[in-house]
Amino acid sequence: MKRWGLGLRSKLLLFSSFLFVIPYLSYQFVWELETYLRIGQEQTLVGTARAVATALHERPALFDNQSAFLANVRPGKDLYAHRIVYPIQLDGRLSDWQDYQELAIEYGAANLIEQSKVYRPDSLRFTHMVGQYDKFLYAMFSVQDDQVLYRPENALRIDRNDFVQIALTQADGQFKRFVIAPFQAGWVNAFILDDNTEAISPVGVETRIQGQWRSTDVGYDLELRFPLSMLSSNIAFAVTDVDDPQSREVNYVMGTANPTKSDDLGTVLVPSPEIERIIKGLKYSSARVWVVDNHMRVLARSGDIQNAGGVSNTSDYNASEDSLWQRFETKVLLPLYYKILTKPPSEFIDELSDAFALQGKDIANALSGRPDTLWRLSPDNKAVILSAAHPIFIDSEVMGAVVVEQTTNGIRTLRNQALEKQFNFILAVMLLGIASLFLIASRISNRIRRLRDDTENAIDVNGKIVGQISASHSADEIGDLSRSFFQVLGKLSQYNHYLENMASRLSHELRTPVAVVNSSLDNLMLDPDAADRHIYVERAKQGISRLSKILNSMSEATRLEEAIRRTDKETFVLHEVLSGCIDGYKMAFVEQQISLDNKLPNAVLHGAPELFAQMLDKVLTNAIEFSEVNQPILVRVFEKDKRVVLTVTNRGALLPNDMQNQLLESMISVRSNSADDASHLGLGLFIAKMIVEFHRGTLHIDNLPDHTGVVVLMSFKHNEV
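As a starting point, this report considers the structure included with it. (Residues numbered from 1 in each chain as written. Predicted model: local features only at pLDDT ≥ 70, side-chain atom pairs only at ≥ 80, totals over all residues. Heavy atoms only, no water.)

### Here's the deal with the packing of helix α11 (residues 609-626) against helix α12 (residues 684-694)
- With their axes 9 Å apart at the nearest point, α11 and α12 run at an angle of 145 degrees to one another. For α11 against α12, the interelement crossing comes out left-handed. Touching L611, F612, Q614, M615, K618, V619 and N622 of α11 are G684, L685, I687, A688, I691, V692 and F694, all from α12.
- When grouped by side-chain class, the residues that make up the contact of α11 with α12 number ten nonpolar, three polar and one charged. (Axes fitted to C-alpha atoms, helices over the stretch in contact; angles between N-to-C directions. Helix = DSSP H or I, 4+ residues; strand = E, 2+ residues; numbered from the N terminus. Left-handed = near helix turned anticlockwise from the far one by under 90°. Contact = heavy atoms within 4.5 Å. Nonpolar A, V, L, I, M, F, W, Y, C, P; charged D, E, K, R; others polar.)

Structure follows, in structure tokens:
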């Protein structure tokens, strides 16, 4: 059954998905950068507020209004003249006041100054506010009166009808009172009253106080205007209600303050034109600036919060609107990016657009003498607004505060632009990286697949090697694997070739001893009493002995490998083992010259001397067998590269060029089949190599440089006794 699994390309593509961590890290980095930008914006805004406050420090003329010295602001009595954007048309219709209706104040029972009967809400109440435009103070009254009673046309008294009183303190400190008492709806001017506060006695007409009285279904509306130069800061408005046309007695007097008492007047705070001129230039600073008094009432302001982003938009996208990349980015990439990003709003709700008083922790701390900042959301949660407040000092006392506001839209725009560029770059890198990984994976997969196919084609279904693998010349791991497969397959091919020739080799090796045994037995059977039967018996024994040697040689390698695993290592002197073995060979092969040249008589090795002697036996036996007659065999010991080198050199037949690296493998022999009657299965040098490696050495065999013979070189780790 075929196992399901991911291919190399699929795995690389899967692991390449970790590249998507890069945009996440970039996104987090830019968010962290935005945090630092906000901290910088906060510090910059505090510095701006401090700079503006510095321009207002120790300038008491800017705060000489009496309202600035109030302990507490009394709503409805201490008035605020809202800044009016457009001039008011005095027509009594109040249509020009529609944008400021939420700022008007309702007056009722709590604002009664005098009453001669039980108060009824439907008898008298009114809505009132004041505003400032240019050099004029405007006032509006929307009066609900169940019975409007005008002054008789020819009457000398102006207090026996409905009328409106105005009391104020002039710039020179004089207390003045005025009355609006028309005999019909229409254009009105004020009467100037005398200094007797107990009576309503006109002494003239004040044409600077102008207005329009207009009757309504529920009462009347009144619009007034008079120059700001007429008053300092104290003022009071009062509406007098007379309902009975017979008695013409006053029912109620309701107003902002008692107009007959100069010390009970309320105050009116008019936005300071001097302060506005000072901060006017700050409207170009991408910020909204407020100046408030110590009751948080607005004295001046400059700038628009909708355009107070703090950072100018330096985007140059429009420079290449028609480019193919720009169209692709606009239609494809940016909509994708803004699934994650948030775009700063072009507009948002500003609850302070017409504010006459501010509030907040930052302003409260500033009025306590400590600069502070405050982050807040707009009412629609679209914009984040930062405000910084700094106190204004006059004679070491806090007389007000400067409040500077900005949104984070500029920082958010910069953040988005940075992320857009980062995302573009990261997207390009990721696409290029994934494509490169895919191509590399495809290349590697194809090479591995080709190597697999070549390997499968080199061996048939029966396990027989029928081909060869082409060795790759690449220097990478796959090339190294290909070369390893090539070498392994070559060795397996040689080994299979050896096994295939095993029958003929064994047949050749076994034919002679078997023939000797058979002939000897046949002769004994033909003539059991022959005088030379001991010769036949001796020949049979020799044949059987030769057969035994063949079998022993075949199992020797296996037995030796097991013996090596069981052998304990010890330290022995190399010279003692060499001299003993060579002396024995000199006695066994008297006709063969064997000489020893040992330059390291004190060299010691770590291993097994018996196995080392067995290795020397294999090497010297080969040297004797391949040596020419009367040619000496030289055994040398010397030091090279801090290692003990042992060489065995014989003069005689050379090694075949294509077999020098293979003679150390199992069952490899270069002897001819008719060399002699001894059995040779090609295991001698293979066994010698195993013993040398057991002694942590290496064994090589090669032809002499002058091509007169063969040298066997063994190298071991050097030890001194």
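### Some points on the nonpolar core
- F612, M615, L616, L646, V648, M714 and F716 are the most contacted members of the largest nonpolar core, which totals 41 residues.
- Counting only elements with at least two residues in this core, the list comes to α10 (574-588), β21 (603-607), α11, β22 (633-640), β23 (643-651), α12, β24 (698-703) and β25 (709-717).
- With eight residues, α11 is the largest single contributor of residues to this core.
- Contact partners of V648, with chain neighbours within four places excluded, come to V619, L620, A623, I633, L634, V635, V710, V711, V712 and M714.
- If you look at the next biggest cluster of nonpolar residues, it comprises 38 residues, including Y80, W290, L299 and V404. (Core = buried A, V, L, I, M, F, W, Y, C linked by side-chain atoms within 4.5 Å. Buried < 20%, exposed > 50% of the residue type's maximum accessible area, 1.4 Å probe, protein only.)

### Some details on the packing of aromatic side chains
- A complete count under the given rule lists nine aromatic pairs for this structure.
- With 6.1 Å between their ring centres and 50 degrees between their planes, F126 and F141 make a pair best called tilted. Residue F126 is located in strand β4 (residues 124-133), and its partner F141 is located in strand β5 (residues 136-145); the two are separated by 15 residues in the primary sequence.
- In this structure F126 comes out as buried when scored by relative accessible area, which is 2%.
- For F141, a relative accessible area of 0% translates into the label buried.
- For the ring pair Y585 and F589, a centre distance of 5.7 Å and an interplane angle of 10 degrees mean the geometry is stacked.
- Taking the relative accessible area as the measure of exposure, F589 reaches 27% and is therefore partly exposed.
- Cluster of aromatic residues (ring-pair linked, three or more members): Y107, F126, F141 and F237.
- Of note, R225 hangs over the ring of F136, and the distance from its end group to the ring centre comes to 5.2 Å.
- The residue whose ring lies beneath K569 is F694, and the NZ or CZ to ring-centre distance is 4.9 Å. (Phe/Tyr/Trp six-rings, centres within 6.5 Å; stacked < 30°, edge-to-face > 60°. Lys NZ or Arg CZ within 6 Å of the ring centre and 35° of its normal.)

### Looking at the sheet that holds strand β17 (residues 384-394)
- Strand order in the open sheet formed by five strands is β15-β14-β18-β17-β16, with antiparallel pairing between adjacent strands. A single partner strand is all that each edge strand has here, and the edge strands are β15 (298-302) and β16 (372-377). With strand direction ignored, the average angle separating the axes of adjacent strands in the sheet is 20 degrees.
- Sheet topology note: the strand β14 (residues 288-293)/β15 ladder contains four bridges and is antiparallel. Opposite V292, over in β15, you have V298 as the bridge partner. (Pairing = 2+ DSSP bridges.)

### Let's talk about the side chain of E405
- The residue E405 is located in strand β18 (residues 397-407) in this model.
- With a relative accessible area of 2%, E405 lands in the buried category.
- A distance of 2.7 Å separates a polar atom in the side chain of E405 from a polar atom in the side chain of R288.
- There is a polar contact of 3.0 Å between the side chain of E405 and the side chain of R376.
- Excluding residues that lie within four positions of it along the chain, E405 makes contacts with L45, A287, R288, W290, I305, A308, L352, R376, I385, L386 and S387. (Polar contact = N/O pair within 3.5 Å; in protein donor to acceptor, adjacent residues only side chain to side chain.)

### Concerning the environment of S484
- Secondary-structure assignment places S484 in helix α7 (residues 477-500).
- Distance in space between the C-alpha atoms of S484 and S472 is 9.8 Å, their sequence separation being twelve residues.

### Details of α12
- Among the residues of α12, L685, I687, A688, M690, I691, V692 and F694 are the ones counted as buried.
- Immediately beyond the C-terminal end of α12, within one or two residues, lies R696, with a positive phi of roughly 55 degrees.

### Re the sheet that holds β25
- A sheet is described by the order of its strands in space; here five strands give the open sequence β20-β22-β23-β25-β24, paired in mixed fashion. The strands lining the two open edges of the sheet, one partner per strand, are β20 (594-598) and β24. Neighbour-to-neighbour, the strand axes of this sheet turn through a mean angle of 15 degrees, independent of strand direction.
- Bridge count for β22 against β23 is eight bridges, and the pairing is antiparallel. The residue of β23 that forms the bridge with K640 is R643.
- Contacts from α11 reach β20, β22, β23 and β25 within the one sheet, and its direction differs from that of β23 by about 30 degrees.
- Strands β24 and β25 of the sheet are contacted by α12, whose axis makes an angle of about 140 degrees with β24.

Worth remembering: the numbers are spatial, not functional.
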